[in-house]
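Here is how the chains run, residue by residue.
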Amino acid sequence: MPLIESEASLIRVARDLGAPDFGGPVSAKEQALLAQASGEPTRAESLDVFRKAIVSGVDPLGDAYCSLRTSAVRRLTGAVYTPPDIVRPMVDWVLGEGPARVVDAGAGSGRFTLEIARRDPSTPIVAIDLDPMATLMTRAGLAVLGRRQAIVKQADFTSARLDPIDGRTAYIGNPPYVRHHDLTPQLKAWAQQAARRANVPMSGLAGLHAYFFLATVLAARSEDIGCFVTSGEWLDVNYGSIVRKLLLDGLGGQSVHVLEPTVRPFGNAATTAVITCFRVGQAPDAVRVRSVASLADIEHLDGGEPIERERLAAASRWTVFVRHTEKPPAGYVELGELCQVHRGTVTGRNAVWITKPDDHRLPESVLVPTITRARELFEAGESLGSTELLRRVIDLPRDLDELDQDARRAVERFLREAKSSGAAEGYIASNRKAWWSVGLRAPAPILATYMARKPPAFVRNLVGARHINIAHGLYPRQPLADQALDRLAQALRTSTVVSQGRTYAGGLTKFEPKEMERLPVPDLPQLLG
């Protein structure tokens, strides 16, 4: 395959394949990219290689794009392109429904659009993507296939307008995963308004892929269909409830195909994935749910065990319907039988309540050595033996009369500063019995990280450090000697793997307290022996 060395050369290849002449009017942003990439035309023999690859089903332009932009850059816009082993069965399902039009939502380089164009030259297609580079690649693919019955829109799918048609529209795609932190206030405001129109609750923590489901239910008509592949986090997290609710009422969920955590469908993007098929306007009696162990096992999207609507509606997590927890082997129990797992305290405003060890504004008695960064546990190794490098949490008593006169004066000076900065007005502070009292938990004998791109660190806490909400504390249900605690921490370090947690787009694996309590560990006789 000829080498594409830069984004400018990628745009030139797209231009020379005929991108500007296919897919309808070119947007101002696409025109700007084309203007910036003016230069020598691509060699004819190179264009022939690209044409043959596109006709055969390969995506050389999309592959070049993914190599030119780092995964960190692409993650900001959710540009994770779909492998052929997922594209094909999704297109099979959509075309099997006989749509009058297909809308490729978040088209990227056009992998769904071009697969449909190769197989069904007659069905109109609308490909929509916000990235002008992506839409130029899609146009280039359509030019190679000679497909003029397709429209490419460089636009935000959540606000894109579609012309009405006679017949069923099929929505297909890989909606971009962008975390809520990276969404604009304007887009978040749109989501809140759209959720009210759809009569569903919308969390401000929902990612962009949830917005695509919401935009689809508002744009579609009854009996339209859809097939999306997304990160699987909406199956379980609280802010994914909007997708679960829409599938049970409005989107009309037909089937949910959950790829096992060991499957890496998106290459270096370590994330779970789920394919969801739906028929708009229905409130299904049941939704078929199945676990998929490998890409080769996807094949057709018509399998799965029917799960009654009532069971799905009552469940706060949907992976329980595909992931059956095995009982621990002989001599082992679940961690929860031995320990309670508690996430650390939320300060409400770390910039106010976390400080340096030598903060001379306050008495040392209220400066509590605390784990405030996950890396502190990863770097500690097997045990935490010193608090010297830890930051301090300002943990004040609810009753300030407990302080002596000098300490009370220093604390009151600090609180005046904190209050003037708005520290008393936040949600956490305003819901505490005393807004100034963080209320750290008692020291846990074992501390654990719970979100990373690797298994958790389990660290013996030999110095009584506290922890905030970046870590979990393991608290024995009955007193355990140091030797038993050492053995327990060692067992957790050697046996816990990332597949036992839930993996999010971007590769982060998270262990909620109840999930950590289900980890198998040696039983009490082994720990005490």
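Residues numbered from 1 in each chain as written. Predicted model: local features only at pLDDT ≥ 70, side-chain atom pairs only at ≥ 80, totals over all residues. Heavy atoms only, no water.

Remarks on the overall build of the chain
Where we set the bar: Helix and strand assignments follow DSSP, with helices taken as H or I runs no shorter than four residues and strands as E runs no shorter than two, numbered in order from the N terminus. Remark: exposure states derive from per-residue accessible area (1.4 Å probe, protein chains only) relative to the maximum for the residue type, with buried under 20%, exposed over 50%, and partly exposed in between. We call two residues contacting when some pair of their heavy atoms lies within 4.5 Å. Computed with the Shrake-Rupley method and a 1.4 Å probe, the accessible areas treat only the protein chains shown as cover for residues.
In terms of regular secondary structure, the chain is built from 20 helices and 23 strands. Projected onto the principal axes, the alpha-carbon positions of the chain cover approximately 80 × 55 × 45 Å. Split into buried and exposed, the 529 residues of the chain put 54% on the buried side. Taking contacts inside the chain between residues at least 6 apart in sequence as the whole, the part at least 24 apart equals 76%. Element-wise, carbon and sulfur atoms account for 50% of the exposed surface of the chain, whose accessible area totals about 23900 Å².

Observations regarding the nonpolar core
Here is the rule we go by: Working definition of a nonpolar core: buried Ala, Val, Leu, Ile, Met, Phe, Trp, Tyr and Cys residues. They are joined through side-chain atoms within 4.5 Å.
Residues L17, L61 and M90 are the most contacted members of the largest nonpolar core, which totals 59 residues. Here this core takes eight residues from helix α8 (residues 132–145), the largest share from any one element. With near-sequence residues (within four places) excluded, M90 lies in contact with F112, I172, G173, C227, F228, V229, I275 and L301. Counting residues in hydrophobic clusters, the runner-up holds 47 residues, among them M202, F228, V256 and V274.

Quick notes on the packing of aromatic side chains
We count it as follows: Aromatic rings from Phe, Tyr and Trp, taking only the six-membered ring of Trp, are treated as a pair when their centres fall within 6.5 Å; an angle between ring planes under 30 degrees marks them as stacked, one over 60 as edge-to-face, and anything in between as tilted. Lysine NZ or arginine CZ positioned within 6 Å of the ring centre and within 35 degrees of the ring normal marks a charge as sitting over the ring.
Inspection of every chain in the model, using the stated rule, returns 12 aromatic pairs. Taking the centre distance of 5.7 Å and the plane angle of 70 degrees together, the rings of W353 and F414 count as edge-to-face. Residue W353 is located in helix α14 (residues 350–353), and its partner F414 is located in helix α16 (residues 405–420); the two are separated by 61 residues in the primary sequence. W353 gets classed as buried once you look at its relative accessible area, which sits at 0%. The class for F414 is buried, based on a relative accessible area of 4%. One aromatic cluster in this structure is built from F213, F228, W234, F278 and W318. The ring of F22 carries the charged tip of R148 above its face, separated from the ring centre by 4.0 Å. Geometry around Y450 places R343 over its ring, the cationic atom sitting 4.8 Å from the centre.

So, the sheet that holds strand β19 (residues 466–467)
The line we're drawing: Pairing between strands is defined by DSSP: at least two bridges between them are needed.
With mixed pairing, the four strands of this open sheet are ordered in space as β12-β15-β13-β19. Here the strands that pair on one side only, and so sit at the sheet edges, are β12 (354–355) and β19. With four bridges joining them, strand β13 (residues 367–371) and strand β15 (residues 391–394) adopt antiparallel strand pairing. Its bridge partner lying in β15, L367 is registered against I394.

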